[in-house]
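Structural features, examined
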Protein chains: 2
Amino acid sequence: MARVYNFSAGPSMLPEEVLRKAAAEMLDYEGCGQSVMEMSHRSKEFDKIIKDAEALLRELMNIPDNYKVLFLQGGASAQFSAIPLNFMQKNNKADYIITGQWAKKAFAEAKKYGAAREVASSADKTFTYIPKTTREDFDPEADYVYICMNNTIYGTVYHEIPDTGDVPLIADISSCFLSEPLDVTKFAMVYGGAQKNVAPAGLVIAIIREDMLGNAREDTPTMMNYKIMADNDSLYNTPPCYTIYICKLVLEYLKSLGGLEAMKARNEKKAKILYDFLDSSKMFHGTVVPEDRSLMNVPFVTDSDELNAKFIKEATSAGFVNLKGHRTVGGMRASIYNAMPIEGVEKLVAFMKEFEEKNS
Amino acid sequence: MARVYNFSAGPSMLPEEVLRKAAAEMLDYEGCGQSVMEMSHRSKEFDKIIKDAEALLRELMNIPDNYKVLFLQGGASAQFSAIPLNFMQKNNKADYIITGQWAKKAFAEAKKYGAAREVASSADKTFTYIPKTTREDFDPEADYVYICMNNTIYGTVYHEIPDTGDVPLIADISSCFLSEPLDVTKFAMVYGGAQKNVAPAGLVIAIIREDMLGNAREDTPTMMNYKIMADNDSLYNTPPCYTIYICKLVLEYLKSLGGLEAMKARNEKKAKILYDFLDSSKMFHGTVVPEDRSLMNVPFVTDSDELNAKFIKEATSAGFVNLKGHRTVGGMRASIYNAMPIEGVEKLVAFMKEFEEKNS
């Protein structure tokens, strides 16, 4: 079968160039006679791969020297525990903003380890907007404020970073990682699962300001202690080497396209095509308030569950796959990460127009 | 460069057939128009991959129905914490046998969470043997006894499983996973990092008797709670999908070769070639007592650090790579996992003979 347009929320499309390169190098990486899958993580070949990946990430995201870059495992879900274990240890307090399922899960996990507080929530309107906050909303004694930057399921994003005053801000950026420039200096930590915009599943990248490290609870599992991971350059034990290699290839690809400013322009263009159509359609409607719409995840519905199901089925047959909304919300969702080409969105919109004509 | 013989202790060689198949399927898995790297972990395609992997593992290892098979992340090191968090919770006691660095690390981690006790150790002779124990050595109130089955660094293995009476036995089988048949019913849990015999790095497989589950400490990080992972069929969050896919390919390959009895015969043959030479050589010596020698990891030395270094250098040039011993012990080590062909060991021994002749 020809390659499909894959609108999966994650794991999701990877650049075809990256897949071709990985396939070509599968049995022999740069003449060393081994696959990257087979390399010792302490070999000079892999050492160069992980260092190159970090250097590229630092360059693309403009990460200051006083931030550590960690390659971790366990998904964002493991960080939901690691964050309070590492950081909620001075005053044993943390403030959470609840903008969807992932923030909720992070909040639930934090409550195991200290006084986590819900500062604001958009649960009242099924997470279709980002609640506005001001500096005064946050507890100045909180060890940190936690947000989920882009909400994969509900399709909202923070277009403006909350002002938390002197309280360190931590953000899950899984589903907007590398989709546009981000001012890392406004955060004490940002992190994300790689399986949306960066690499296959099985890798988390965390970017942590150095002064945050060193206060972990004594019984923190070693593998969740960010200081230990940082002191060992992410090689305390065997990291997910092959996934880090694919990450490196993706970062090289992003650099070749012009970096994050170029990705932003491209992603805005893609999202505009889809949102403009949703705003003009009589059949399909976006579910998010316009000012908080994500560039990456675009949920939409028709007025009928039957029509939704028919659309998803026919779209799949036409090569537009994984358009079904998250199992907790239903409807449709098009995830249009970096690797989704503009023509994928153009063709989807053409298909939606045709579907609307035929079914009106 | 031609493919090398890679004696790395892990990550390590994978069967060439597996790498070729993965490369061929990289852009389009079985006609679905996507790479396995790009698939939703909730897609029907990936659902079949993970279920096939589990079924193959159950068949190859003859795993009884009352055991759960979990696909996890974080390496063995994450399980060092998860094991006491999940299991050291009835009497808050556990017995550890110290046979090397990995058992030591597991023991250190357990002490964070309860009364972990060292029952026996082979530290007195640099872990070159397996300490003998009897049922009476173990605390009948211990929540479990912990062993490291095959010691990657020191090259020892339990040829006989310790009798722990009614106390549940837990074993790290990372470096002997699938190398020969194992009576799973003698264990409450076995687990291993996949990056030696099973798959690339980034995957742990745990096999746990069901009655062990459900007693985790309340503040156990969700991702370390085996009951939650079991209740969600390892899909609580996004698993390392591509690594699980390679695991499936390796399991298919092992089955095609005749399963674990066939692997045992092949691994014994390979190990015998190397040990027989070490026993006859005047220059090279094995470091482990004969009765506890591993089939997988064969450490050896000459009487001179200079000669060791010369040997490693010349072997590398000749295409026998990663023969350097672990950084904590020095000397040499040949890891001859399932994917190392017999001819790799034959050629290594021929090279060693030639080296001995030239340098005597």
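Everything below is about the structure shown above.
Residues numbered from 1 in each chain as written. Chains lettered and ligands numbered in written order. Predicted model: local features only at pLDDT ≥ 70, side-chain atom pairs only at ≥ 80, totals over all residues. Heavy atoms only, no water.

**So, the overall build of chain A**
Applicable threshold: Runs of E in the DSSP output that reach at least two residues are strands. Runs of H or I that reach at least four are helices, and both are numbered from the N terminus. Throughout, radius of gyration means the C-alpha value; the globule benchmark is 2.2 Å times the number of residues raised to the power 0.38. Burial classification: accessible surface area is computed with a 1.4 Å probe over protein chains only, and a residue below 20% of its type maximum counts as buried, one above 50% as exposed, and the rest as partly exposed. In this analysis, two residues are considered to be in contact whenever any of their non-hydrogen atoms come within 4.5 Å of each other. The accessible surface values rely on the Shrake-Rupley method and a 1.4 Å probe; as for residues, cover is taken only from the protein chains in view. We score Asp and Glu as negative and Lys and Arg as positive, and we do not count His or the chain ends. Charge positions come from single atoms, namely NZ of Lys, CZ of Arg, CG of Asp or CD of Glu.
When its secondary structure is counted, chain A shows nine helices and 14 strands. For chain A, whose C-alpha radius of gyration is 21 Å, the value lies close to the compact-globule estimate of 21 Å for 360 residues. Dimensions along the principal axes, computed over C-alpha positions, put chain A at roughly 60 × 60 × 30 Å. Split into buried and exposed, the 360 residues of chain A put 63% on the buried side. Here the contacts in chain A between residues at least 6 apart in sequence split such that 69% fall between residues at least 24 apart. With an accessible surface of roughly 13400 Å², chain A has 48% of that area assigned to carbon and sulfur atoms. Positive and negative side-chain charges of chain A, numbering 41 and 49 respectively, have mean locations separated by a distance of 3 Å.

**A closer look at the packing of helix α2 (residues 44-61) of chain A against helix α6 (residues 241-256) of chain A**
Residue and element names in this part refer to chain A. For clarity, the threshold we go by: Think of each axis as a best-fit line through the C-alpha atoms, taken over the contacting stretch in the case of a helix, with angles from 0 to 180 degrees between the N-to-C directions. What sets the label is the angle itself: under 35 degrees gives roughly parallel, over 145 gives roughly antiparallel, 65 to 115 gives roughly perpendicular, and the rest give oblique. Take the far helix as the reference: if the near one is turned anticlockwise from it by less than a right angle, the crossing is left-handed, and if turned clockwise, right-handed. Think of it as three bins: nonpolar holds Ala, Val, Leu, Ile, Met, Phe, Trp, Tyr, Cys and Pro, charged holds Asp, Glu, Lys and Arg, and polar takes everything else, Gly as well.
Relative to each other, α2 and α6 sit at 40 degrees, their axes nearing to 9 Å. Overall, the two elements α2 and α6 adopt an arrangement that is oblique. For α2 against α6, the interelement crossing comes out left-handed. Of the residues in α6, those in contact with Phe 46, Ile 49, Ile 50, Asp 52, Ala 53, Leu 56, Leu 57, Glu 59 and Leu 60 of α2 are Cys 241, Ile 244, Tyr 245, Lys 248, Leu 251, Glu 252, Leu 254 and Lys 255. Each residue belonging to the contact of α2 with α6 can be placed in one class, and the counts come to 12 nonpolar, no polar and five charged.

**Considering the pairing of strand β14 (residues 332-335) of chain A**
All names here are of chain A. The line we're drawing: At least two bridges found by DSSP between two strands are what make those strands a pair.
Residues Met 332 and Ala 334 line one face of β14 and the alternating positions Arg 333 and Ser 335 line the opposite face, and both faces are buried. In the sheet, strand β12 (residues 297-301) pairs with β14 via four bridges, with the strands oriented antiparallel. The residue bridging Pro 299 from the neighbouring strand is Arg 333, located in β14.

**Looking at the pairing of strand β10 (residues 204-209) of chain B**
All names here are of chain B. Taking burial as the measure, the six residues of β10 include five buried ones, the bulk of the element. Where strand β2 (residues 67-72) meets β10, six bridges bridge the pair, whose relative direction is antiparallel. Bridge pairing links Leu 72 to Val 204 in β10. As defined by bridge partners, strand β9 (residues 189-193) adjoins β10 across five bridges and the pair is classed as antiparallel.

**As for the interface of chain B and chain A**
This is how it is decided: Throughout, the accessible surface (probe 1.4 Å) given up by two parts as they are put together, summed over both, is called the buried area. The salt bridge criterion pairs a side-chain nitrogen of Lys or Arg with a carboxyl oxygen of Asp or Glu, the two atoms within 4 Å.
On the chain A side, the residues contacting the 64 residues of chain B number 64 residues. Both sides together, the interface formed by chain B and chain A hides about 4900 Å², and carbon and sulfur atoms give 55% of it. Taken as a group, Leu 27, Met 37 and Glu 38 of chain B account for 14% of the area that chain B buries against chain A, more than any other trio of residues on that side. Where chain B packs against chain A, one counts four salt bridges. Residue Arg 3 of chain B is joined to Glu 38 of chain A by a salt bridge in which the shortest nitrogen-to-oxygen separation is 2.7 Å. Of all the secondary structure elements, the ones that give two or more residues to the side of chain B that touches chain A are α1 (16-24), α3 (75-87), α4 (101-111) and α6 (241-256) of chain B. Residues that form the side of chain B that touches chain A fall into these classes: 29 nonpolar, 22 polar and 13 charged.

**Describing unusual backbone geometry**
With omega at -10 degrees, the peptide bond leading from Gly 10 of chain A into Pro 11 of chain A counts as cis. With respect to the helices, strands and loops of the structure, Pro 11 of chain A is situated in the loop between β1 (5-6) and α1 (16-24). Although it is not a glycine, Asn 92 of chain B adopts a positive phi angle of roughly 60 degrees. With respect to the secondary-structure elements, Asn 92 of chain B resides in the loop between α3 and β3 (93-98).

**Some thoughts on the pattern of salt bridges**
For the structure on display, the rule yields 50 salt bridges over all chains. The closest approach of N and O atoms between Glu 45 of chain A and Lys 44 of chain A, which form a salt bridge, is 3.4 Å. Among the residues examined, Glu 45 of chain A registers a relative accessible area of 21% and is labelled partly exposed. Here Asp 211 of chain B ties to Arg 209 of chain B by a salt bridge, and the two come within 2.6 Å at their closest N and O atoms. Among the charged side chains, a salt-bridge network with shared partners connects Arg 3, Glu 16 and Arg 20 of chain A together with Glu 38 of chain B.

**Here's the deal with the relation of the copies chain B and chain A**
The test is simple: Superposition of the copies was done by least squares, using only C-alpha atoms of residues whose pLDDT is at least 70 in both.
Rotating chain B by 180 degrees and moving it 0.0 Å along the rotation axis overlays it on chain A with an RMSD of 0.0 Å. Seen this way, the second copy is the image of the first under a two-fold rotation axis. If distances are taken from each C-alpha of chain B to the rotation axis, the shortest is found for Ala 23 of chain B, at 2.3 Å. Residue by residue, 100% of the interface of chain B is reproduced at the interface of chain A, so both copies engage with the same surface.

**Structural notes on the sheet that holds β10 of chain B**
Sheet strands line up and pair through hydrogen bonds in the backbone, either parallel or antiparallel. Residues and elements named next belong to chain B. The seven strands lie next to each other as β2-β10-β9-β8-β5-β3-β4, forming an open sheet whose pairing is mixed. In the strand order of this sheet, the two ends are held by β2 and β4 (115-121), each with one partner. Strand-to-strand, the axes of this sheet are offset by a mean angle of 20 degrees, without reference to chain direction. Together, β2 and β10 form the strand contacts of helix α2 (residues 44-61), whose direction differs from that of β2 by roughly 130 degrees. Lying on the sheet, α3 is in contact with β2, β3, β5 (145-148), β8 (169-172), β9 and β10; it crosses β9 at an angle near 155 degrees.

Geometric values such as these leave the question of function open.
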